[in-house]
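A closer look at the structure
So you can see what is in the structure, the chains are spelled out below.
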Amino acid sequence: MVKVITYGSYDLFHEGHYRLLQRAKALGDYLIVGVTTEQYDEYRGKLNVADSLMERIEHVKQTGFADQIIIEDHVGQKVEDIQKYNVDIFTVGSDWLGKFEYLKEYCKVVYLERTKGISSTMLRNGNFGIVRLGIIGSGRIARRFIPEVKYVSGVNAEIVYNPHLESARKLTELNQLNIYTDDREVLFRHSDAVYIASPHNTHYEYIMDAINHGKHVLCEKPLVLKKREAEEAFALAKEKKLILMEALKTAYAPGFIKLISTAKSGNIGKICEVEAGFTKLVQDHNLREFLPQESGGSFTELGSYPLLAVIKLLGRNYRDISFTSFCDKNGVDLYTKACIYYDRSIASIKTGLGVKSEGNLVIAGTNGYLIADSPWWLTKKFKLCYEDRSANEEFFFKYQGEGLRYEIGAFIAQINGLKKHTSVMKAEDSIAIAEIMEKYRNDLSNNLVRRIVL
Ligand code: CTP
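Owing to the predicted nature of the structure, the values given are computational and were not obtained by experimental measurement.

Overview of the packing of helix H10 (residues 227–239) against helix H15 (residues 427–445)
Running from N to C, H10 and H15 cross one another at 160°; their axes reach a closest spacing of 7 Å. Between H10 and H15, the crossing angle belongs to the class labelled roughly antiparallel. Seen along the crossing, H10 lies across H15 with a hand that is right-handed. Only Ala427, Ser430, Ile431, Ala434, Glu435 and Glu438 of H15 make contact with H10, whose side of the interface consists of Lys227, Arg228, Ala230, Glu231 and Phe234.

What about the pattern of salt bridges?
Applying the stated criterion across every chain, the model contains 25 salt bridges. Measuring nitrogen to oxygen at the nearest pair gives 3.0 Å for the salt bridge that ties Arg316 to Asp429. Within this pair, whereas Arg316 is found in the loop between helix H13 (304–314) and strand S13 (320–327), its partner Asp429 is found in helix H15, the two being separated by 113 residues in sequence. In this structure Arg316 comes out as partly exposed when scored by relative accessible area, which is 37%.

Things to note about helix H7 (residues 165–174)
Buried within H7 are the following residues: Ala168, Leu171 and Thr172. Take H7 and look down its axis: the buried residues cluster within an arc of 100°, on one side only. More than 90 degrees from the buried face of H7, the exposed residues found are Lys170 and Leu174. In this structure, the buried residues of H7 make contact with helix H6 (140–149), strand S7 (155–161) and strand S8 (179–181). Gln176 occupies a position one or two residues after H7 and carries a positive phi of about 50°.

Some remarks on the packing of H13 against H15
The interhelical angle for the contact between H13 and H15, taken along N-to-C directions, is 125°, at an axis separation of 10 Å. Classified by the angle their axes make, H13 and H15 are oblique. Between H13 and H15 lies a crossing of right-handed hand. Taking contact as the criterion, the partners of Ser304, Leu307, Leu308, Ile311 and Lys312 in H13 are, on H15, Asp429, Ala432, Ile433, Ile436 and Met437. For the contact of H13 with H15, a count of residues per class yields seven nonpolar, one polar and two charged.

A short note on the site of the ligand
Asp95, Thr115, Ile118, Ser120 and Thr121 are the nearest of the 19 residues found near the ligand. At 2.9 Å from an oxygen atom of the ligand is found a main-chain nitrogen or oxygen belonging to Tyr10. Protein contacts shield 94% of the accessible area of the ligand, which totals 570 Å² for the unbound molecule. When atoms are counted within 2 Å of each cavity's grid points, the one that captures over half of the ligand is the largest pocket.

Brief notes about the pairing of strand S18 (residues 381–386)
Bridge analysis of strand S17 (residues 368–372) against S18 gives four bridges, and the strand direction is antiparallel. The residue bridging Gly368 from the neighbouring strand is Tyr386, located in S18. By the bridge criterion, four bridges tie S18 to strand S19 (residues 393–396) in an arrangement that is antiparallel. In the sheet register, Leu384 faces S19, and the bridge partner there is Glu393. Linking S18 back to S19 in an antiparallel pair, the connection comprises six residues.

Notes on the side chain of Asp81
Mapped onto the fold, Asp81 is located in helix H4 (residues 77–84). Excluding residues within four positions of it along the chain, Asp81 makes contact with Ile5, Tyr7, Ile70, Asn86 and Val87.

Let's talk about the sheet that holds strand S4 (residues 89–93)
Taken in spatial order, the five strands make up an open sheet running S3-S2-S1-S4-S5, and their pairing is parallel. A single partner strand is all that each edge strand has here, and the edge strands are strand S3 (68–72) and strand S5 (108–112). Direction aside, neighbouring strands of the sheet carry axes that sit 25° apart on average. Note: strand S2 (residues 30–36) against S3, five bridges, orientation parallel. Within the sheet, the bridge partner assigned to Gly34 lies in S3 and is Ile70. Set on the sheet, helix H1 (residues 15–26) makes contact with strand S1 (3–8), S2, S4 and S5; between it and S2 the angle comes to about 145°. Along the sheet face, helix H3 (residues 53–63) touches S2 and S3 and points at about 160° away from the line of S2.

Basis of the calculations
Residues numbered from 1 in each chain as written. Predicted model: local features only at pLDDT ≥ 70, side-chain atom pairs only at ≥ 80, totals over all residues. Heavy atoms only, no water. Axes fitted to C-alpha atoms, helices over the stretch in contact; angles between N-to-C directions. Helix = DSSP H or I, 4+ residues; strand = E, 2+ residues; numbered from the N terminus. Parallel < 35°, antiparallel > 145°, perpendicular 65-115°, else oblique. Left-handed = near helix turned anticlockwise from the far one by under 90°. Contact = heavy atoms within 4.5 Å. Salt bridge = Lys/Arg side-chain N within 4 Å of Asp/Glu carboxyl O. Buried < 20%, exposed > 50% of the residue type's maximum accessible area, 1.4 Å probe, protein only. Arc of directions from axis to C-beta. Nonpolar A, V, L, I, M, F, W, Y, C, P; charged D, E, K, R; others polar. Near = heavy atom within 4 Å. Polar contact = N/O pair within 3.5 Å; in protein donor to acceptor, adjacent residues only side chain to side chain. Areas by Shrake-Rupley, 256 points an atom, 1.4 Å probe, with all protein chains shown as cover. 1 Å grid on protein atoms, 1.4 Å probe; cavity = no way out; pocket = protein on both sides within 12 Å on 5 of 7 lines; lining within 4 Å. Sits in = over half its atoms within 2 Å of the grid points. Pairing = 2+ DSSP bridges.

Don't take any of this as a statement about function, it's just geometry.
So this is what it looks like as structure tokens:
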């Protein structure tokens, strides 16, 4: 009996898939089809798979060609499967020509001609249309963001807006985009959704304006600095049936999602404390980060990351918060330590732009602890540690490029009504972060923060 194996995502099952499976089956007597998991697809850089794993398996099954369906979820699995199932032929479409030569050591490799004019990517784009994305602001983060857009299917960076036209022009040319403007009406005419990467204080006005123009919004963190503004913005988006999402990249990173579910799965017992730090020494104190009129300071600049971890792990119902800040002569915090008290747990976070400290994430539990070293906010790895060190376990994750592609992928998936990402960062999480930012800023101006002038 000749055994054949082939693999794919089989998303939005199409004629190309059908013809490939038909010919794969004809190569032998028994066909095994490996269908990829969502996590593995993300790992491979396919961020917008539309059908669930069960649906994709069902579609393969319905062809009647597969004698056995297996799930592919990790690198190196093909070699394992070929040996495990005694496979004679590995086959795949000609778009992969030359990519699987290494399997020739284990079995015969056959590249079948790919069916022309059809692909899942094409269907995804056709089904949902391409989202034209307008970029508001052309500073440092926008510069890192635009190149990441092309890794997500179904979206195109279209236009850059900045009231300072010259800055918009430079970014547009750098990325070979189509248009730049200092006129918001032009921006809205050329976009279906906007990404807001302007200074903190301008976010609220841009968000409301964009939503009122019928645009979906992805806005840099901190979304806004007042709870009421966050509530109003999400309420308006809901009323207009538009997506509003905070661009807090950590929330959408595959490793971070796994970290949260692992910590909450009972492995380390009951979670008692979360410690999270993020410090980044910035030498140039003339930058926006240090300007009081721009709501500068380490807490507004970096606090979103540790607050996300705390809220995801301990929830939004804290009882009290206390802050200690080291400030410059303008009253801008260079380092802030916050303690957040819950009924049955505690969180301590630290942020720094002018003071350096260890920036890791430690989650202490009654059975052990989870630790993710700096830069934990990219979450390339974390470790579970126990009293019995031989039981310790380490986990590694892929974090591609600047990692902004994950939040872009989640944003586009939500626009297209694909629910899979909605649990990652909820409106309530963004509202809770805005509330804490507001409390900190109020406490600072009312002298309720323990303040040390550096
Ligand atoms: N395939 C094919 N002809 C097509 C599309 C896909 O023969 N027009 C083959 C691929 O070469 C692969 C299998 O079908 O062997 C599963 O491919 P998959 O990656 O799931 O499909 P694509 O349509 O290529 O998906 P995407 O656009 O997401 O890359």
